[in-house]
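Residue-level structural notes
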Amino acid sequence: MRSRFWSGLAAVIVLAAGTPAAAHAADSSCPVVARCTDGQLTDGTPYTFAKPSRWNGAVLVDLDFAAGGLASPLTASLLERGYAVGGTTRTISSWNIARAIDNQAEALGRFESAFGRARYAIAEGRSMGGMVAAGVAQVYPGRFAAAVPMCGGLGGAVGQWNQKLDTVFTLKTLLFRDSALPVTGIPADVPGTRQQWLAAMSEAQVTAAGKARIALAAAIGQVPGWGLAADGTPTPVPDARDADGVEQGMFLALAGGPLPYLGQAVGSRRTIEQLAGGNPSWNTGVDYARQLASAAPEQRNAVHRLYSRAGLDLRADLARLAAEPRVAADPAAVAYLERGIVFTGELRIPVLTVNGTGDQISTVAQQQSYGALVREAGNASLLRQTYVQTAGHCTYTTGEQQAAIDRMLTRLRTGHWPDTAPATLNHLATAADGSPGRYVSYSPPQFNRRYPVEVRR
């Protein structure tokens with residue numbers, strides 16, 4: 001990893017010493033308060049940056065910015081506060097996380113060729129962009145001053161796809177064992193496969209046995225018990241004692257809303273399997289009874305109550321899971337994901353994470369894994385982790401995102417962490433866009449599929 005850092009840094013230095021990227025005044029796409037630069041990186045990835053006339057010296061570099069970021073409300077808010085903003089797209093890198101990380105460093109070089117050296121370069125992004133931002137912090141601490149990963153899969157690609165395998169394997173074994181629904185080896189007809197999974201889930205949800213087993217799979221896979229309605233609108237936070245409400249939230253997270261867990265588990269797994277040349281996930285040696293025992297209390301309660309109501313034997317179902325032939329990984333495919341990024345906790349620059357408590361894609365338990373690794377590496381002073389009470393994937397307000405970024409800039413300017421308590425972040429969020437902030441005190445459950453600590457069999 002260290003050799004990759006120096007080789008990547010050398011590439012950026014060569015780029016910065018070459019022909020400067022062209023900057024241009026505001027046009028139909030560039031905000032009127034800014035000057036912009038755009039172009040393509042070495043691998044053809046598009047990049048775009050906007051720098052305000054009153055620049056505070058900070059630039060944010062985001063994996064997905066060039067795919068419409070100029071028009072976002074967050075960009076307008078950041079430019080108004082003096083931040084330069086920009087980044088790339090994932091269209092070429094896709095699930096080649098190593099390339100995406102390197103692209104952020106190259107894009108920063110293009111920005112600095114056009115506008116001069118940034119005082120504070122901050123890696124920032126959402127979803128895969130959050131994973132990439134955390135990867136940048138680990139791989140390029142000499143180029144970037146900080147990172148703000150939001151709703152990123154910080155269990156790492158290997159860990160999070162093992163977690164998704166647990167969920168889908170449990171559903172298939174207990175509900176759809178005799179069906180052709182795939183767990184791995186996703187066929188080319190991704191939309192059709194996704195629809196088959198979602199239709200099967202809807203059928204199971206109308207029966208007492210189906211609800212009980214859906215709850216068990218979600219608890220094992222650490223899927224939130226809170227989701228969005230089909231039209232993307234928020235649903236009420238279920239009462240922890242309401243087994244039906246928690247299970248309904250689990251179902252919505254798995255198969256409802258505009259971005260269901262199972263839809264992403266099918267589509268992205270197909271992409272990864274194609275890039276990696278095989279299946280990178282395994283559940284050999286995994287004890288699903290133990291994973292249920294470590295699930296959130298409200299989820300365990302829902303499972304036990306729904307199994308009792310349905311007249312099912314929970315121990316028998318856990319025994320079925322234990323006896324079911326397991327899925328082995330293709331070692332070469334695992335190595336492909338490992339080359340992307342394996343989080344080690346080795347930090348040299350500050351990182352502030354943001355995650356939704358009801359995020360069905362970047363599940364909140366992954367934040368526990370990242371934090372534990374950082375603490376074990378002796379770098380806890382460089383990390384702050386924050387949580388927003390929201391359902392859905394990356395469903396933050398502009399103000400909530402602005403508050404986190406502003407706190408990081410204060411950290412860089414002073415050399416000390418400012419207050420990142422929920423009340424303070426909520427005050428800053430409301431001041432930024434007028435919407436009530438939803439930051440809360442929260443302790444995520446222990447991530448079941450931490451990697452590389454667990455041993456692959």
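For the structure itself, look to the data block above.
As a further point, take the packing of helix α15 (residues 398-414) against helix α16 (residues 422-433). Here α15 crosses α16 at 120°, and the two axes come no closer than 7 Å. The orientation of α15 relative to α16 falls into the category oblique. Crossing handedness for the pair α15 and α16: right-handed. Across the interface between the two elements, Thr398, Gly399, Glu400, Gln402, Ala403, Ala404 and Arg407 of α15 pack against Thr424, Leu425, Leu428, Ala429, Ala432 and Asp433 of α16. Looking at the contact of α15 with α16, its residues break down into six nonpolar, four polar and three charged.

With that out of the way, let us pick up the side chain of Asp359. Position of Asp359 among the secondary structure elements: in the loop between β8 (351-358) and α14 (365-376). This buried residue, Asp359, is left without a salt bridge; Lys164 holds the nearest opposite charge, at 7.7 Å. A polar contact of 2.9 Å, which involves the side chain of Asp359, links it to the backbone nitrogen of Ile361. With near-sequence residues (within four places) excluded, Asp359 lies in contact with Cys151, Pro224, Val364, Thr390, Gly392, His393 and Cys394.

Another point: the nonpolar core. The tendency in soluble globular proteins is for nonpolar side chains to be buried side by side. Counting 54 residues, the largest nonpolar core has Phe144 and Tyr370 as its most contacted members. At nine residues, helix α3 (residues 97-115) tops the list of elements feeding residues into this core. For Tyr370, the residues in contact, after removing those within four places along its chain, are Ala134, Leu154, Phe343, Leu347, Val351, Thr353, Leu383 and Gln385.

Further remarks concern the pattern of salt bridges. Here the structure, examined in full by the defined rule, presents 16 salt bridges. The shortest N-O distance in the salt bridge between Arg126 and Glu124 comes to 2.6 Å. You'll find Arg126 and Glu124 in the same group, each marked buried. Put simply, Asp317 and Arg320 hold a salt bridge, and the shortest N to O gap is 3.6 Å. One end of the pair, Asp317, and the other, Arg320, are both in helix α12 (residues 314-323), three residues apart, so they sit about a helical turn from each other. Overall, the relative accessible area of 34% leaves Arg320 in the partly exposed class. Three or more residues are tied together by salt bridges with common partners; here these are Asp62, Glu124 and Arg126.

What counts, and at which threshold
Within each chain, residue numbers correspond to sequence positions counted from 1 in written order. Selection of residues for local features in this predicted model requires a pLDDT of at least 70, selection of side-chain atom pairs for listing and counting requires 80 or more, and totals for whole chains, interfaces and linings are taken over all residues. Here the side-chain values reflect all heavy atoms present in the structure, with hydrogen atoms and water set aside. The convention used is that axes are lines fitted to C-alpha atoms, helices contributing only their stretch in contact, and that angles between N-to-C directions extend from 0 to 180 degrees. By definition, any uninterrupted DSSP run of H or I lasting at least four residues is a helix, any uninterrupted run of E lasting at least two residues is a strand, and each is numbered from the N terminus. Geometric relationships in this document are graded by angle, where less than 35 degrees denotes roughly parallel, more than 145 denotes roughly antiparallel, 65 to 115 denotes roughly perpendicular, and other angles denote oblique. Put simply, a crossing is left-handed when the front helix is turned counterclockwise from the back one by less than a right angle, and right-handed when it is turned clockwise. The criterion used for residue contact is that any of the two residues' heavy atoms lie within 4.5 Å. When residues are grouped by polarity, Ala, Val, Leu, Ile, Met, Phe, Trp, Tyr, Cys and Pro land in nonpolar, Asp, Glu, Lys and Arg in charged, and all others, Gly among them, in polar. Exposure categories follow from relative accessible area, calculated using a 1.4 Å probe and restricted to protein chains: below 20% of the type maximum is buried, above 50% is exposed, and the middle band is partly exposed. Charge counting treats Lys and Arg as positive and Asp and Glu as negative, with His and both chain ends excluded. Any Lys or Arg side-chain nitrogen found within 4 Å of a carboxyl oxygen on Asp or Glu counts as a salt bridge. In the analysis that follows, any N or O atom pair within 3.5 Å is treated as a polar contact, provided that within protein one partner can donate a hydrogen and the other can accept it, and provided that, for residues neighboring in sequence, both atoms belong to side chains. Here, nonpolar core means buried Ala, Val, Leu, Ile, Met, Phe, Trp, Tyr and Cys residues that are tied together by side-chain atoms lying within 4.5 Å of each other.

Such coordinate-based values are descriptive only and should not be taken to indicate function.
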